[in-house]
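Coordinate inspection notes
Given next are the chains, with one letter for each unit.
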Amino acid sequence: MTRVRRRYIARRRRTKIRFFASTFRGAHSRLIRTITQQKIRALASSHRDRGRQKRDFRRLWITRINAITREKSVLYSYSILIHNLYKKQLLLNRKIPAQIAISNKNCLYMISNKIRSSNQIQIK
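Here the structure is a predicted model, which means the values were calculated and not measured. (Residues numbered from 1 in each chain as written. Predicted model: local features only at pLDDT ≥ 70, side-chain atom pairs only at ≥ 80, totals over all residues. Heavy atoms only, no water.)

Points about the environment of I40
Note on placement: I40 falls in helix α2 (residues 32-71). Measuring from C-alpha to C-alpha, the distance between I40 and H28 comes to 12 Å, with twelve residues separating the pair along the chain. (Helix = DSSP H or I, 4+ residues; strand = E, 2+ residues; numbered from the N terminus.)

What about the packing of helix α1 (residues 7-20) against α2?
Two elements in contact, α1 and α2, have axes separated by 10 Å at closest approach and are oriented at 55°. When the axes of α1 and α2 are compared, the pair comes out oblique. Where α1 crosses over α2, the two elements pack in a sense that is left-handed. Touching R14, I17, R18 and F20 of α1 are I32, I35, T36, K39, A42 and L43, all from α2. Its residues assigned to classes, the contact of α1 with α2 shows six nonpolar, one polar and three charged. (Axes fitted to C-alpha atoms, helices over the stretch in contact; angles between N-to-C directions. Parallel < 35°, antiparallel > 145°, perpendicular 65-115°, else oblique. Left-handed = near helix turned anticlockwise from the far one by under 90°. Contact = heavy atoms within 4.5 Å. Nonpolar A, V, L, I, M, F, W, Y, C, P; charged D, E, K, R; others polar.)

With respect to the environment of H28
Its place among the elements puts H28 in the loop between α1 and α2. Along the sequence, H28 and R18 sit ten residues apart, while their C-alpha atoms lie 9.3 Å from each other. Residues in contact with H28, not counting those within four places in the same chain, are A21, T34, I35 and Q38. A polar atom in the side chain of H28 sits 3.5 Å from the side chain of Q38. (Polar contact = N/O pair within 3.5 Å; in protein donor to acceptor, adjacent residues only side chain to side chain.)

Details of the pattern of salt bridges
Considering all chains together, one arrives at two salt bridges under this definition. Across the pair R48 and D49 runs a salt bridge, and its minimum N-O distance is 3.2 Å. When its relative accessible area of 45% is taken as the criterion, R48 is described as partly exposed. Between D49 and R52 there is a salt bridge, with its nearest N and O atoms 3.7 Å apart. Taken together, the residues span about one helical turn, with D49 and R52 both in helix α2 at a distance of three residues. For D49, a relative accessible area of 29% gives the class partly exposed. For R52, a relative accessible area of 37% gives the class partly exposed. (Salt bridge = Lys/Arg side-chain N within 4 Å of Asp/Glu carboxyl O. Buried < 20%, exposed > 50% of the residue type's maximum accessible area, 1.4 Å probe, protein only.)

A look at α2
A rise of 1.5 Å per residue sets the reference length of α2, with its 40 residues, at 58 Å; its end C-alpha atoms lie 56 Å apart and thus fit the reference within 8%. Its axis deflected by about 25° at D49, α2 carries its strongest bend there. Looking at α2, one finds that the buried residues are I35, Q38, I65, I68 and T69. (Expected span 1.5 Å × (residues − 1). Bend = angle between axes of the 7 residues up to and from the residue.)

Points about the nonpolar core
Membership of the largest hydrophobic core is limited to seven residues, which are I65, Y78, L81, I82, L85, A98 and I115. Per element, the largest residue contribution to this core is four residues, and it comes from helix α3 (residues 78-87). With five residues, the next largest nonpolar core counts I68, I100, A101 and Y109 among its residues. (Core = buried A, V, L, I, M, F, W, Y, C linked by side-chain atoms within 4.5 Å.)

Structure below.
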C-alpha cells in the first residue's frame, strides 16, 4: 500500500483553524491540538451565552422599568404596569419602556397616567 502524503490538504485545514484562533493567546493560537480544543470550547460558550445574553437583557429591562415605576409611584409596581399595558392592548415589549424610562421619564409617566385614567373611567 502506498503512502499518502497530505501536504496541501492538511496545511489548508490547519490554516483555517489557525485563522479562527488568531486572537487567542499563547499556545492556544499556535499548537494545532490546543487550537482545536479551544475552538470547540469557544463555539460551545458562544452558543450557550447567546441564550444567557437574552435572559440578562430581559432582567435588566425589567429592573429599569420597576425602578422608574416605584420612584414616583407611576403604577405601584412593574407587574401592574405590564398587566395594564396588556389589558389596553399596547403591545410594547420590555425593551421599549426601559429605553423610554432612561431617555425620557416624563413620557413613561404620561403613558402610565393615560392607562390609569382609562382604567378608572371603565370602573365607574
